[in-house]
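Listed below are the residues making up each chain.
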Amino acid sequence: MKTNITRLIIGTLSATILYALVACSPTNNSSSSAQSGFQSSSAQNTNSSPSNNPLLSGSNVAVAKNFKATTVLEGLERPWSMAWLNDGTVLITERPGRLRIVRNGALDPNPVAGVPEVFAVSQGGLMDVSVHPNFQKNRLVYFTYSHGTNQANRTRVARATFDGSSLKNWQVIFQVSQTKARGQHFGSRIVWLPDNTMLVSIGDGGNPPNKLNGDLIRKQAQNLNSHLGKVVRLNDDGSIPKNNPFVTSKNADAAVWSYGHRNIQGMTFDSVTNKLWSTEHGSRGGDELNLVEAGKNYGWPLVTHSKEYTGGEISNQRSRPGMIDPKVVWTPAIAPSGLAFYSGKRFKPWKGDLFAGGLVSRDVRRIDLDANSNIIREESIPIGRRVRDVRQSPDGRLYILTDEQNGQLISIEPN
Ligand SMILES: [Ca+2]
């Protein structure tokens, strides 16, 4: 009995230590499950998805040779997102809670006034910035940010008017209905649809041991009454569009647009084919690229290629009828961040491709799509720094932000 208890204690301790190591390590997503004593029962079955065969991307991705990366500027503290105004001015959020301006390639030393205090802990803070499609008329800029305390926080969406130097009339137009503890999984990308409604990604509420009503909070991703683990669709004033997929359902929140997501931090709309693409973080491995459609279930946490950080299975199912399989699965994790669909004329070899930033992989993955949005191939554009965002500028260039204390704005191009 004593031996069993000792084993239990040692086992628990090694699991805790492994969890700490994996959670803290920016690069180690493939540490052996054998070392931890956790054996995965279905580790050999990860490629069994007969429905549409996602690309299973491993650690031997082809590295791009014909590209050029140029640092435009540095001095940004943990930049998260960027957006362009009509005159070429770039707005850049810094996660600790500042909005910065770049004019004519130069970073204004003074942050923009008018941003309220945010919950800037761990993954949280001031996150996405997005300009209203009619900005020239209404001067509206939209933000996502985490708000609250370490015990009770949530993702908010706010808008404010920007007069060229400061933000006025900061107005919270949406907030996640439930609060959660700690600093994980806020989402939170904003994408505008052609009808000027907006999609916002919301994380699942965090890893174990985060709970809600006595159960793991991540299960809320399957609860249609919860905003957690969802993409929500809003009008530009935060009201709910009348044609949302679940507005007539009794047991669903009318804001929900798609569900079964863990933590989407990359989202982009291809206005040529009217398709929404997203990248979401898995737990240990199993990051996903998804083609997201209204009303669909993307599986988390019932169906996933990812494992617990401690090495055990989250689910032994990789695919299930009624749930949508990912288009790409990344194991080991790249830790996907910003996502851009390149539609510009400037870089012909890259036209119609997706560009997914990787925090852990420290690169941008170029995903070559055919005319029917099937994945042809993937290659790695190495950056050597944690990539937080990838965006196409209005003049058809591609820019990235690096997630560092001295973060950089970098342009990439084919050559
Ligand atoms: Ca999924």
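Here's a quick rundown of the structure. Note that the structure is predicted; figures quoted are calculated from it, not measured. (Residues numbered from 1 in each chain as written. Predicted model: local features only at pLDDT ≥ 70, side-chain atom pairs only at ≥ 80, totals over all residues.)

**Topic: the overall build of the chain**
When its secondary structure is counted, the chain shows three helices and 28 strands. Of the contacts made within the chain by residues no fewer than 6 positions apart, 59% connect residues no fewer than 24 positions apart. (Helix = DSSP H or I, 4+ residues; strand = E, 2+ residues; numbered from the N terminus. Contact = placed C-beta atoms within 7 Å.)

**Thoughts on the environment of Ser361**
Within the secondary structure layout, Ser361 lies in the loop between strand S23 (354–358) and strand S24 (363–369). On the neighbour-count criterion, Ser361 (26 C-beta atoms within 10 Å) is buried. For the pair Ser361 and Arg386, spaced 25 residues apart in sequence, the C-alpha to C-alpha distance is 7.4 Å. (Buried ≥ 20, exposed ≤ 12 C-beta atoms within 10 Å, placed from the backbone.)

**Here we look at the pairing of strand S8 (residues 126–131)**
The element S8 is extensively covered by neighbouring structure, given that six of its six residues are classed as buried. Pairing of S8 with strand S9 (residues 140–148), which is carried by four bridges, proceeds in the antiparallel orientation. Bridging from a neighbouring strand, Ser130 pairs with Tyr142 of S9. (Pairing = 2+ DSSP bridges.)

**Structural notes on unusual backbone geometry**
Cis geometry is adopted by the peptide bond preceding Pro209, which originates at Pro208 and carries an omega value of 15 degrees. Looking at where Pro209 falls in the secondary structure, it is placed in the loop between strand S13 (198–202) and strand S14 (211–212). Cis geometry is adopted by the peptide bond preceding Pro301, which originates at Trp300 and carries an omega value of -5 degrees. Along the chain, Pro301 falls in the loop between strand S20 (287–292) and strand S21 (328–330). At Arg362, a position not held by glycine, the phi torsion is positive, near 50 degrees. If you trace the backbone, Arg362 turns up in the loop between S23 and S24.

**Some remarks on the sheet that holds strand S3 (residues 67–76)**
Spatially, the four strands line up as an open sheet ordered S3-S28-S27-S26, and their pairing is antiparallel. Looking along the sheet, the strands with just one partner apiece sit at the ends: S3 and strand S26 (387–392). For this sheet, the mean angle separating the axes of adjacent strands, direction not counted, is 20 degrees. (Axes fitted to C-alpha atoms, helices over the stretch in contact; angles between N-to-C directions.)

**Here's the deal with the nonpolar core**
With 82 residues, the main nonpolar core has Val200 and Val390 as its most contacted residues. Residues within four places of Val390 in sequence aside, it is in contact with Gly338, Leu339, Ala340, Phe355, Ala356, Gly357, Val364, Leu398 and Ile400. (Core = buried A, V, L, I, M, F, W, Y, C linked by C-beta atoms within 7 Å.)

**What about the sheet that holds S23?**
Read from one edge of the open sheet, five strands run S2-S25-S24-S23-S22, paired in mixed fashion. In this open sheet, the two edge strands, each paired with only one partner strand, are strand S2 (62–63) and strand S22 (336–341). Sheet analysis places S23 next to S24, joined by five bridges and oriented antiparallel. Opposite Gly358, over in S24, you have Asp363 as the bridge partner.

**Examining the pairing of strand S18 (residues 264–270)**
Along a regular strand, successive side chains alternate from one face of the sheet to the other. Among the seven residues that make up S18, five are buried, leaving the element largely enclosed by the rest of the structure. When S18 meets strand S19 (residues 275–280), the two strands line up antiparallel, connected through six bridges. Bridge pairing in S19 places Thr268 opposite Trp277. Linking S18 back to S19 in an antiparallel pair, the connection comprises four residues, with Asn274 at a positive phi of about 55 degrees.

**As for the environment of Val231**
Mapped onto the fold, Val231 is located in strand S16 (residues 230–234). Taking the C-beta count within 10 Å as the criterion, Val231 has 27 such neighbours and is therefore assigned buried. Excluding residues within four positions of it along the chain, Val231 makes contact with Leu199, Val200, Ser201, Trp257, Ser258, His261, Ile264 and Val292.

**Regarding the environment of Gly187**
By the element assignment, Gly187 lies in the loop between strand S11 (167–175) and strand S12 (190–192). For the pair formed by Gly187 and Gly205, sequence separation is 18 residues and the distance between their alpha carbons is 9.6 Å. Those residues within four positions of Gly187 in sequence are excluded, and the remaining contacts are Thr144, Thr155, Val200, Ser201, Ile202, Gly203, Asn263, Ile264 and Gln265.

Distances and angles like these do not, on their own, reveal function.
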